[in-house]
Amino acid sequence: MKIAADQTSLRTFNLSLVARLIHSQAPLSRAQLAAMTNLNKSTISSLADELIERGLICETGNNFGGTGRPAILLEVNPNAGFVVGVEFGVDFIAAATTDILGNVVWRKHEAARVAGDQEQTIAQTLEIVKEAVAESRRKKRKVLGLGISTPGTVDIQKGSLVFAPNLHWRDVPFAQIFSEQTKLKVFVENDANAAAIGERLFGSARRVKDFLFVFAGVGIGGGLFLDGKLYRGKNGYAGEIGHSPIMSEPSQNLCHCGNRGCWETYANQYSIIQRIQARLEVKRASVIPQLMAEQNAALDIPLIKQAADLGDREALDSFHEAGQAMGQGLAGLINIFNPEKIVIGGPLSVAGEYMLPAIKKTISQYAMPGIKAQATINLSPFGADAAVIGAIAVVVDDLLALK
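Since this is a predicted model, take the numbers as computed values, not measurements.

Engineer: Mind showing me how you'd approach the overall build of the protein chain here?
Structural biologist: The helix and strand tally for the protein chain stands at 13 helices and 16 strands. Relative to the compact-globule value of 22 Å for 403 residues, the protein chain shows a C-alpha radius of gyration of 23 Å, a close match. Each of the 403 residues in the protein chain was classed as buried or not, and the buried ones make up 52%. Within the protein chain, counting contacts between residues at least 6 apart in sequence, those at least 24 apart form 62% of the total. For the protein chain, the accessible surface area stands at approximately 19000 Å², while carbon and sulfur atoms represent 51% of it. Measuring between centres, the 40 positive side-chain charges of the protein chain sit 6 Å from its 39 negative side-chain charges.

So, in structure tokens, the structure goes:
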């Protein structure tokens, strides 16, 4: 029985290995897969046939390069199905539907009082998910799963939110609620971890083993990949980098976690808004009040970015200061983990072009010589959508595991 179990586990491992290679590097021939995996050609053919039978991959055109008979190529089956992802923000719900390569086919973004009304928010989200499922059915595609990304600590085994300081939510059984209502397989993940998985599967870190994803918005979270695997810590709660204390003065702003001096209170989107408000209170010259009046809009990051695009000095300086604070925290993480790459995404990344120079300059100032030169810093190609794409990636990652 043990031998049979070991053989089954080995085949599952090899199936997943081949599926992941095709997902990340297709089109590939069977011969190429054999060379990449050191498995013999008959084993690769058997594995490929099973993946085709499962509907996960398909045969495509021929490779006419080289001599001999042209090789049939394998790629991800574009008709395998769709995946739905949901992100809970503090004041919004974002949802998207993609194929298993992460290509968006449907999306929705709604304002919501997420941090204020848990019951109403969940009801609103369920309606959005049902709309996404109905749209998938209209396109004659089955839905392969639902991913949910949320700020805070998550019990991924139970599929529940443990505690989200910025939402003021505790012990929310997301998987149970959404699976009962939709009949889908549901996965729940911390937003930064989800975004890191999305970057690994679909983004700029596909072939990077050691990288840190920084999710910047109302809070700052981190998803850390070490040696090609997401690092979760003892209880699965690793990555709460925004709550690292970097200041201790009692006069500093109170963080939503209840402490003072947390890194995110100096580098999140609220810190930028507070910087602008302080400047406007002392009558600094700025185009921001005019933009607010013309658009009948509240002061937020997109509006401040509009001002920066117009060359507004107060907006530019506020982004620069937040970038310095961001860089100071990242310098410490570079010293500890020595990552190959740092990727910044989330709502605040829309202003990344104005923050990135200060981030890089501050890292250069505070990170250890030799270590800092090894880390590249760039913005996620998914920008503000990083967590919702990450929620989808969590489902796709499970599909590729072929459990």
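Engineer: What is the right way to look at unusual backbone geometry in this model?
Structural biologist: Excluding glycine, a negative phi dihedral is what most residues carry, and trans is how most peptide bonds are arranged. For the bond running from A26 to P27, omega is 5 degrees, close enough to zero to count as cis. When you line up the elements, P27 lands in the loop between α1 (2–25) and β1 (28–29). Notably, N296 is not glycine yet its phi reads approximately 50 degrees, a positive angle. Within the secondary structure, N296 sits in the loop between α9 (288–295) and α10 (301–309). A residue is classified by how much of its surface remains accessible, and N296, at 74% relative accessible area, is exposed. Even without being glycine, N338 reaches a positive phi, approximately 50 degrees. Tracing the sequence through the fold places N338 in the loop between α11 (313–337) and β15 (341–345). With relative accessibility at 35%, the residue N338 sits in the partly exposed group.

Engineer: Explain the side chain of E314 to me, please; I cannot follow it from the model alone.
Structural biologist: Topologically, E314 is positioned in helix α11. A distance of 2.9 Å separates a polar atom in the side chain of E314 from a polar atom in the side chain of R279. For E314, the contacting residues outside a window of four places in its chain are I276, R279, R284, A285 and S286.

Engineer: Explain the packing of helix α2 (residues 30–37) against helix α3 (residues 41–53) to me, please; I cannot follow it from the model alone.
Structural biologist: In helix packing, the relevant descriptors are the interaxial angle and the interaxial distance, both defined with respect to the helix axes. For the pair α2 and α3, interaxial distance at closest approach is 9 Å and the crossing angle is 115 degrees. The interaxial crossing formed by α2 with α3 has right-handed handedness. In contact with R30, A31, L33, A34 and T37 of α2, α3 contributes K41, I44, S45, A48, D49 and I52.

Engineer: Whenever I open this one, the packing of aromatic side chains confuses me. Can you help?
Structural biologist: This structure, assessed with the given rule, holds six aromatic pairs. Ring geometry for F211 and F225: centres 5.0 Å apart, planes at 10 degrees, overall stacked. Of this pair, F211 sits in strand β12 (residues 211–216) while F225 sits in strand β13 (residues 220–226), and the two are 14 residues apart along the sequence. A single burial state applies to F211 and to F225, both of which are buried. Taken together through their ring pairs, the aromatic side chains of F88, W169, F174 and F178 make up a single cluster. Stacked on the ring of F163, the Lys or Arg R170 has its end atom at 3.9 Å from the ring centre.

Engineer: I keep staring at the sheet that holds β13 and nothing clicks. Help me out?
Structural biologist: Sheet strands pair by backbone hydrogen bonding; their relative direction is either parallel or antiparallel. Strand order in the open sheet formed by five strands is β14-β13-β12-β15-β16, and the pairing between neighbours is mixed. At either end of the open sheet lies a strand with only one pairing partner, and these are β14 (229–230) and β16 (376–379). The pairing of β12 with β13 spans six bridges and is classified as antiparallel. Among the inter-strand pairings, V214 is bridged to a residue of β13, identified as G222. Contacts from helix α6 (residues 191–202) reach β12, β13, β14 and β15 within the one sheet, and its direction differs from that of β12 by about 130 degrees. Packed onto the sheet, α11 meets β12, β13 and β15 and runs at close to 155 degrees relative to β12.

Engineer: Got a minute to help me understand helix α13 (residues 386–401) in this structure?
Structural biologist: Along an α-helix, residues three or four positions apart point the same way, because every turn accommodates 3.6 residues. The end-to-end C-alpha distance of α13, which contains 16 residues, comes to 22 Å, matching closely the 22 Å that a straight helix rising 1.5 Å per residue would cover. Of the residues trailing α13, L402 is marked for its positive phi of about 50 degrees.

Engineer: It is not clear to me how the pairing of strand β11 (residues 186–190) should be interpreted in this structure. Could you clarify?
Structural biologist: Regular strands place their side chains on alternate faces of the sheet. Counting buried positions along β11 gives five out of five residues, so the element sits mostly inside the fold. In β11, alternate side chains face the same way, and those of V186, V188 and N190 on one face and F187 and E189 on the other are all buried. Both strand β7 (residues 143–150) and β11 contribute to a ladder of five bridges, which runs parallel. Following the sheet pairing, S149 is matched in β11 by E189.

Engineer: What's the story with the sheet that holds strand β9 (residues 160–164) in this structure? I'm lost.
Structural biologist: Spatially, three strands are ordered β8-β9-β10 in an open sheet, and the strand pairing comes out antiparallel. For this open sheet the edge positions go to β8 (153–155) and β10 (169–172), each flanked by a neighbour on one side alone. Taking the axes of each pair of neighbouring strands and ignoring which way they run, one obtains an average angle of 20 degrees across the sheet. Both β9 and β10 contribute to a ladder of three bridges, which runs antiparallel. The residue bridging L161 from the neighbouring strand is V172, located in β10.

What counts, and at which threshold
Residues numbered from 1 in each chain as written. Predicted model: local features only at pLDDT ≥ 70, side-chain atom pairs only at ≥ 80, totals over all residues. Heavy atoms only, no water. Helix = DSSP H or I, 4+ residues; strand = E, 2+ residues; numbered from the N terminus. Rg over C-alpha atoms; globule rule 2.2 N^0.38 Å. Buried < 20%, exposed > 50% of the residue type's maximum accessible area, 1.4 Å probe, protein only. Contact = heavy atoms within 4.5 Å. Areas by Shrake-Rupley, 256 points an atom, 1.4 Å probe, with all protein chains shown as cover. Lys, Arg positive; Asp, Glu negative; His and termini not counted. Charge placed at Lys NZ, Arg CZ, Asp CG, Glu CD. Polar contact = N/O pair within 3.5 Å; in protein donor to acceptor, adjacent residues only side chain to side chain. Axes fitted to C-alpha atoms, helices over the stretch in contact; angles between N-to-C directions. Left-handed = near helix turned anticlockwise from the far one by under 90°. Phe/Tyr/Trp six-rings, centres within 6.5 Å; stacked < 30°, edge-to-face > 60°. Lys NZ or Arg CZ within 6 Å of the ring centre and 35° of its normal. Pairing = 2+ DSSP bridges. Expected span 1.5 Å × (residues − 1).

Interpretation note: all reported values are geometric properties and have no functional meaning in isolation.
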